[in-house]
Amino acid sequence: QLKSVRQIQATTSAFAAILEDGSVVTWGHPGEGGDSSAVQDQLKSVRQVQATGSAFAAILEDGSVVTWGNPDRGADSSAVQDQLKSVRQ
């Protein structure tokens, strides 16, 4: 599964790997971003992933942002989703 990896980012206890096809594979502590199943269908055409200690944010090719991990530590971006458009690095 971890072949053709373009980038890896880590929280305190989880990893997220962007594959060459733009998909993302995560593993590690579920509450720290290791479980991305709730957003897996959105993690396509991922350009970049950034991490905090407990959350990940993926920038997609269309400039939108998908977040997951600990909602109390940055993973809940629902309040600002309308502003997370055309995001670049």
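Attention in this report is confined to the structure presented alongside it. (Residues numbered from 1 in each chain as written. Predicted model: local features only at pLDDT ≥ 70, side-chain atom pairs only at ≥ 80, totals over all residues. Heavy atoms only, no water.)

## Regarding the packing of aromatic side chains
Then comes step 1: Scanning all chains against the criterion turns up 2 aromatic pairs.
Then comes step 2: Where Phe15 meets Trp27, the ring centres are 5.3 Å apart and the plane angle is 20°; that geometry is what we call stacked. With Phe15 in strand β2 (residues 14-19) and Trp27 in strand β3 (residues 24-28), this residue pair connects regions lying 12 residues apart in the sequence.
Then comes step 3: In this structure Phe15 comes out as partly exposed when scored by relative accessible area, which is 37%.
Then comes step 4: On the basis of relative accessibility, which here comes to 31%, the residue Trp27 falls in the partly exposed class. (Phe/Tyr/Trp six-rings, centres within 6.5 Å; stacked < 30°, edge-to-face > 60°. Helix = DSSP H or I, 4+ residues; strand = E, 2+ residues; numbered from the N terminus. Buried < 20%, exposed > 50% of the residue type's maximum accessible area, 1.4 Å probe, protein only.)

## A short note on the pairing of strand β5 (residues 55-60)
Then comes step 1: A large share of β5 lies buried, amounting to 5 of its 6 residues.
Then comes step 2: Relative to β5, strand β4 (residues 46-51) is paired through 5 bridges, and the arrangement is antiparallel. Paired with Gln50 across the two strands is Ala57, which belongs to β5.
Then comes step 3: Linkage of β4 to β5, two consecutive antiparallel strands, is achieved through a turn of 3 residues.
Then comes step 4: Where β5 lies against strand β6 (residues 65-69), 5 bridges are found, and the strand directions are antiparallel. Residue pairing for β6: Ile59 is matched across the bridge by Val65.
Then comes step 5: The antiparallel hairpin formed by β5 and β6 contains 4 residues in its connecting segment, where Gly63 sits at a positive phi of about 90°. (Pairing = 2+ DSSP bridges.)

## Let's talk about the sheet that holds β3
Then comes step 1: On the basis of which strands lie adjacent, the open sheet formed by 3 strands has the order β1-β2-β3 and antiparallel pairing. The two strands at the open ends of the sheet, each matched to only one other strand, are β1 (5-10) and β3. Ignoring which end each strand starts from, the neighbouring axes of this sheet average 20° apart.
Then comes step 2: Of the pairings in the sheet, the one linking β1 to β2 comprises 5 bridges and is antiparallel in character. Bridging from a neighbouring strand, Gln7 pairs with Ile18 of β2. (Axes fitted to C-alpha atoms, helices over the stretch in contact; angles between N-to-C directions.)

## Details of a nonpolar patch on the surface
Then comes step 1: Taken together, the side chains of Leu2, Val5, Ile8, Phe15 and Trp27 present a nonpolar region at the surface, about 420 Å² in accessible area.
Then comes step 2: With respect to the helices, strands and loops of the structure, Leu2 is situated in the segment before β1. (Patch = residues over 30% accessible without salt bridge, like charges linked within 9 Å, V, L, I, M, F, W, Y side chains within 5 Å. Areas by Shrake-Rupley, 256 points an atom, 1.4 Å probe, with all protein chains shown as cover. Salt bridge = Lys/Arg side-chain N within 4 Å of Asp/Glu carboxyl O.)

## Section: the pairing of β2
Then comes step 1: For β2, the tally of buried residues reaches 5 of 6 residues, placing the bulk of the element in the interior.
Then comes step 2: The loop that links β1 with its antiparallel partner β2 comprises 3 residues.
Then comes step 3: In terms of strand pairing, β2 meets β3 through 5 bridges, oriented antiparallel. Directly across from Phe15, in β3, lies its bridge partner Trp27.

On their own, these measurements won't tell you what the molecule is for.
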